[in-house]
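As a plain string of letters, each chain reads:
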Amino acid sequence: MASTGATAPRAVSSDSTVGAVAWATPAAAISSNDAWATAAINNQITEYLRCTDFGLAVPSNAVITGITVTVERNKTGTGTVIDSRVHLLRNGIIMSAADNKASSTAWPTTTDSTATYGGGTDMWGIPLTAADVNKFSFGVVISAVEN
């Protein structure tokens, strides 16, 4: 089984489809550079952090068998932050009726840590083709909540 390898999104924005708290400086999430997209959650749910344009070039005859998403994250403050929702985007549409990969594991405090969603044999409950994942509009959204 071949893998496309790790790629980072080239477009990141705050998406108000869900949540009440917008992400500040979402473009900071484009790379692992100790600059962060931030949200002042205060016991609320964030908007989606929408990550797209991964620059994938999967061959047209390839069969997609799974999608792995790795997110670097941390939190500050005293509350516990967890994922609210984690979904794939297909053709720019949030696949919210498919698998929600949100984890109830608390985000780490002040130190960056990665969380992995999906896997090499996990299709997230939706069919995907090479054409789907190669599009600019393919991606992932994540929302967080403080509880």
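Below or above, wherever it landed, is the structure these notes cover. (Residues numbered from 1 in each chain as written. Predicted model: local features only at pLDDT ≥ 70, side-chain atom pairs only at ≥ 80, totals over all residues. Heavy atoms only, no water.)

Of all hydrophobic cores here, the largest spans 30 residues; its most connected members are Ile67, Val69, Leu88, Tyr117, Leu128 and Val133. At the level of elements, β2 (48-52), β3 (68-73), β4 (81-90), β6 (113-118), α1 (130-134) and β7 (139-146) are the ones that each hand at least two residues to this core. In contact with Leu88, not counting residues within four places along its chain, are Ile67, Val69, Ile93, Ile94, Met95, Trp124, Ile126, Leu128, Phe138, Gly139 and Val140. Membership of the second largest hydrophobic core comes to five residues, among which are Val18, Tyr48, Leu89 and Val141. (Core = buried A, V, L, I, M, F, W, Y, C linked by side-chain atoms within 4.5 Å. Buried < 20%, exposed > 50% of the residue type's maximum accessible area, 1.4 Å probe, protein only. Helix = DSSP H or I, 4+ residues; strand = E, 2+ residues; numbered from the N terminus. Contact = heavy atoms within 4.5 Å.)

Here we come to the pattern of salt bridges. If you walk through the whole model with that rule in mind, you get five salt bridges. Residues Arg73 and Asp83 are paired through a salt bridge, measuring 2.8 Å at the closest nitrogen-oxygen approach. With Arg73 in strand β3 and Asp83 in strand β4, the pair connects residues that are 10 residues apart, well separated along the chain. The residues Arg73 and Asp83 share a single accessibility class, namely buried. Note that Asp99 is salt-bridged to Lys101, the shortest N-O span being 3.3 Å. Through salt bridges with shared partners, one network takes in Asp99, Lys101 and Asp122. (Salt bridge = Lys/Arg side-chain N within 4 Å of Asp/Glu carboxyl O.)

Let us now look at the side chain of Asp132. Relative to the helices and strands, Asp132 is located in helix α1. An unpaired buried charge is present at Asp132: no salt bridge exists, and Lys135, the closest side chain of opposite charge, is 4.7 Å distant. Within polar-contact distance, the side chain of Asp132 engages the backbone nitrogen of Thr129 at 2.9 Å. Those residues within four positions of Asp132 in sequence are excluded, and the remaining contacts are Arg90, Asn91, Pro127 and Phe138. (Lys, Arg positive; Asp, Glu negative; His and termini not counted. Polar contact = N/O pair within 3.5 Å; in protein donor to acceptor, adjacent residues only side chain to side chain.)

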